[in-house]
Every structure is written in structure tokens, then in C-alpha cells.
Amino acid sequence: MSKEILLLSGPNLDQLGTRSPEIYGTQTLAEHVNRFSEQAELDGFSVRHVQSNFEGDLIEAAHAARSTSVAIVINAGALTHTSWALTDALAMFSGVKVEVHLSNPAAREPFRHVSTLAGVVNGSIAGFGPASYDLALEAVQRLLAAQQ
Ligand code: DQA
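Residues numbered from 1 in each chain as written. Predicted model: local features only at pLDDT ≥ 70, side-chain atom pairs only at ≥ 80, totals over all residues. Heavy atoms only, no water.

A. Seen up close, unusual backbone geometry. Here Asn12, not a glycine, exhibits a phi torsion of approximately 75°, which is positive. Following the sequence through the fold, Asn12 ends up in the loop between β1 (3–9) and α1 (21–24). For Ser20, which is not a glycine, the phi torsion comes out positive at approximately 35°. Judged by its relative accessible area of 28%, Ser20 falls in the partly exposed class. (Helix = DSSP H or I, 4+ residues; strand = E, 2+ residues; numbered from the N terminus. Buried < 20%, exposed > 50% of the residue type's maximum accessible area, 1.4 Å probe, protein only.)

Right, dumping it as C-alpha cells:
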């Protein structure tokens with residue numbers, strides 16, 4: 001059976017494609033997810049994607065992943081900067097965790113400079129546009145390989 005990666009997408013990411021394209025580019029979330037999933041499947045993983053504009057949905061998906069997934073890749077959107085509840089949920093997941101952002105929050109408004117998630121993930125990839133997702137998948141693979 002293939003190993004599952006949970007790809008989590010937070011608020012407003014469902015609007016990618018038309019949302020601030022000068023910052024986030026013109027690709028839709030479905031395009032990012034499809035590319036990520038296709039590459040992951042070539043590498044022997046299955047991908048479950050959950051997008052929600054509601055914090056609790058993301059928290060429950062992280063809980064469920066404890067019994068289904070080997071890794072979580074998360075773009076929490078603005079919840080990155082505010083959600084200690086999502087951070088606590090991720091902390092309970094003992095598999096590989098990679099935070100991902102299309103833009104580079106550290107180079108943007110001050111409120112984006114803090115990531116509540118940063119302390120509970122293995123690492124963060126930010127600022128590479130669509131390639132951030134490709135790099136996040138590579139990070140997952142390397143971290144899992146290092147565990148074997
Ligand atoms: C984002 C960066 C966040 O600051 C922002 O709130 C988003 C998208 C990114 O992918 O660059 O919604 O996570």
C-alpha cells in the first residue's frame with residue numbers, strides 16, 4: 001500500500017489564480033495540488049488534499065492524519081501567523097511535517113513574520129512560487145528516507 005501524504009491548504013488558498021496574482025502567481029490551487037500529487041504518485045506516495053477556510057476543519061484533518069499519513073505538508077495561509085490551535089494539532093502528529101508558502105512571508109508585512117507553526121514542523125519552504133510545493137515534496141522524501 002502506498003504511503004499517504006496529507007496536503008493541507010488553509011483559508012483563501014481556494015482563491016489562488018485570481019487572488020493577488022502579483023504575489024501568488026496565476027496557478028490555481030488545483031494546479032498546485034495536481035502537480036504535487038502526480039509527482040508524489042510517481043515516487044510511490046498517495047496524496048490526500050484538504051482545503052478549508054475553517055480552522056477546525058484543518059485541525060480535524062491533522063488529527064485524522066495520525067492514523068493514516070506518514071507526512072503532512074501544510075500551507076496554512078494566514079492561520080500560519082495566528083493559530084496556536086492548529087499548531088497544537090500539528091504537534092500531536094509524529095510524522096514528517098513541512099510548512100510551505102508560495103510567497104516569502106519574511107519579506108512582507110510584519111504580521112507575516114511570525115509563524116506559530118515553525119516550532120512544530122521539521123522545516124519551512126517559502127518564497128519559490130509553485131516550486132515551493134515541489135521542494136516541499138522533496139523535503140518530505142529526504143526526511144522519510146533519513147528515518148529508514
Ligand atoms: C501564504 C502566505 C500567508 O502570509 C498568506 O496569508 C497566505 C498565503 C503563501 O503561500 O505565501 O494566505 O501562506
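Additional details are given in the paragraphs that follow.
B. Representation of the sheet that holds strand β5 (residues 123–126). Overall, parallel pairing links the 5 strands, which are arranged β2-β1-β3-β4-β5 in an open sheet. The open sheet terminates on both sides in strands that have one partner only, identified here as β2 (45–51) and β5. Sheet twist, expressed as the mean angle between neighbouring strand axes with direction ignored, is 20°. By the bridge criterion, 4 bridges tie strand β4 (residues 96–101) to β5 in an arrangement that is parallel. In the sheet register, His101 faces β5, and the bridge partner there is Ala126. Lying on the sheet, helix α2 (residues 29–42) is in contact with β1, β2 and β3 (69–75); it crosses β2 at an angle near 160°. Each of β1, β2 and β3 touches helix α3 (residues 55–65); the most contacted strand, β1, lies at about 170° to it. (Pairing = 2+ DSSP bridges. Axes fitted to C-alpha atoms, helices over the stretch in contact; angles between N-to-C directions. Contact = heavy atoms within 4.5 Å.)

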